[in-house]
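Each chain, letter by letter, is given below.
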Amino acid sequence: MKNTLYFLIIILLASSCKNETDRTENPANDEVEVTAQKPTPVDLSQTDFDFKTFEASNSDADLTSPTKYALYLYPSTSRDSLKIGMDVGGIMIDEEKAVVLGMPAGALFYIRSYYAGTGNNYYGLEENRRLIIYKGNVVEPHPEAEPEPTIYEKIHSVEVFADSIAQ
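Model, not experiment: these values are computed from the prediction.

Asks: Honestly, the nonpolar core in this entry has me stumped. Any pointers?
Replies: When a protein is soluble and globular, its nonpolar side chains tend to lie buried together. One finds Leu73, Ile84, Phe109, Ile111, Leu131, Ile133 and Val160 to be the most contacted residues of the largest nonpolar core, which totals 16 residues. Contributing elements (two or more residues each) for this core: β1 (49–57), β2 (68–75), β3 (82–87), β5 (109–115), β7 (130–139) and β8 (152–160). Formed by nine residues, the second largest nonpolar core is a distinct cluster that contains Ile93, Met103, Ala107 and Tyr152.

Here's what the structure looks like:
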């Protein structure tokens, strides 16, 4: 009887060791497959944009060049911000003024920077759930010359998420 009991204990121990070996060699047997869901970008049509500038350099030492500012855009539907670039400052303008300046109607925001006869215009559009930001250099026309058209270039293409902004 004693031998039978030892024999059963050995068989139970051996079978439990085999199961443990299976689990370490084949961990997928006991795990449920988990697939990560990619976050969805925010709805840009429901997003308001705020704009702030932060002084990045002081031109007191060089009076011939203006102070540079870091330009930041803050979407209302995200906790993150986006640095648009460096410029001489800037303000948000309304659509009516932006269209007169050659920017397209229906953009998500319009920004204008201007200093001593030149500046940059910025605007943002939504394309395929991405925020596309354009920049155009504006030169004040001389009285005896025709005004030059402003050519806009894409400077940023990002996805805006609730927690972040991704290039």
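That shown, we press on.
Asks: Got a minute to help me understand the pattern of salt bridges in this structure?
Replies: Any two side chains of opposite charge can pair, so long as their charged atoms come close to each other. Following the criterion strictly, the structure yields two salt bridges and no others. Its salt-bridge partner being Arg79, residue Asp163 comes within 1.8 Å of it at the nearest N-O pair. Of the two residues, Asp163 is situated in the loop between β8 and β9 (165–166) and Arg79 in the loop between β2 and β3; the sequence distance between them amounts to 84 residues. With a shortest N-O distance of 3.8 Å, Glu159 and Arg130 are connected by a salt bridge. Taken together, the residues Glu159 in strand β8 and Arg130 in strand β7 connect sequence positions 29 residues apart. Taking relative accessible area as the criterion, Arg130 reaches 22% and is therefore assigned partly exposed.

Cut-off values and rules
Residues numbered from 1 in each chain as written. Predicted model: local features only at pLDDT ≥ 70, side-chain atom pairs only at ≥ 80, totals over all residues. Heavy atoms only, no water. Core = buried A, V, L, I, M, F, W, Y, C linked by side-chain atoms within 4.5 Å. Buried < 20%, exposed > 50% of the residue type's maximum accessible area, 1.4 Å probe, protein only. Helix = DSSP H or I, 4+ residues; strand = E, 2+ residues; numbered from the N terminus. Salt bridge = Lys/Arg side-chain N within 4 Å of Asp/Glu carboxyl O.

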